[in-house]
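A look at the structure
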Amino acid sequence: MAVATTPTAPLPPAAEAALRSLELRVAASRYRDAAEHCRAASAVSDFEGCLAAQDEMRMCRCQLEQAGRLDLIGGA
């Protein structure tokens, strides 16, 4: 069964910029949360938890690096 889709108008440039900024700030917040989780996990020798947190940090860092916004997480 085919689902009908309704075409939508593109977002105005200001809305696109705001959405992109929000997306990057969420990635920075996720990075900081994962870093805190990694510190807590390593403090109790939860190596699997620490590795999972590091994976999340790596994904967020890559996203921010591609956008040229490592400054959001204190990177250069």
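In case you missed it, the structure is sitting above this.
1. Things to note about unusual backbone geometry
Phi at S45 takes a positive value of approximately 60°, unusual for a residue other than glycine. For S45, the position within the fold is in the loop between α1 (13-43) and α2 (47-66).

2. Some points on α1
Over its 31 residues, α1 extends 45 Å from the first C-alpha to the last, a length consistent with the 45 Å expected when each residue adds 1.5 Å. Taken together, the buried positions of α1 are L24, A27, A28, Y31, A34, A35, C38 and A41. Where α1 is buried, its residues contact α2. Where α1 terminates, the next one or two residues include S45, which has phi positive at roughly 60°.

3. Some words on α2
The α-helix advances 3.6 residues per turn, and as a result positions three or four apart in sequence lie on the same side. The end-to-end C-alpha separation of α2 is 28 Å, in line with the 28 Å expected for 20 residues at 1.5 Å each. For α2, every residue scored as buried is listed here: G49, C50, A53, M57, C60 and L64. One side of α2 carries all its buried residues, which in axial view fall inside an arc of 90°. Pointing more than 90 degrees away from the buried face of α2 are the exposed residues F47, E48 and Q66. Elements in contact with the buried residues of α2: α1. Looking one or two places after α2, you find G68, whose phi comes out positive at around 70°.

The rules behind these values
Residues numbered from 1 in each chain as written. Predicted model: local features only at pLDDT ≥ 70, side-chain atom pairs only at ≥ 80, totals over all residues. Heavy atoms only, no water. Helix = DSSP H or I, 4+ residues; strand = E, 2+ residues; numbered from the N terminus. Expected span 1.5 Å × (residues − 1). Buried < 20%, exposed > 50% of the residue type's maximum accessible area, 1.4 Å probe, protein only. Contact = heavy atoms within 4.5 Å. Arc of directions from axis to C-beta.

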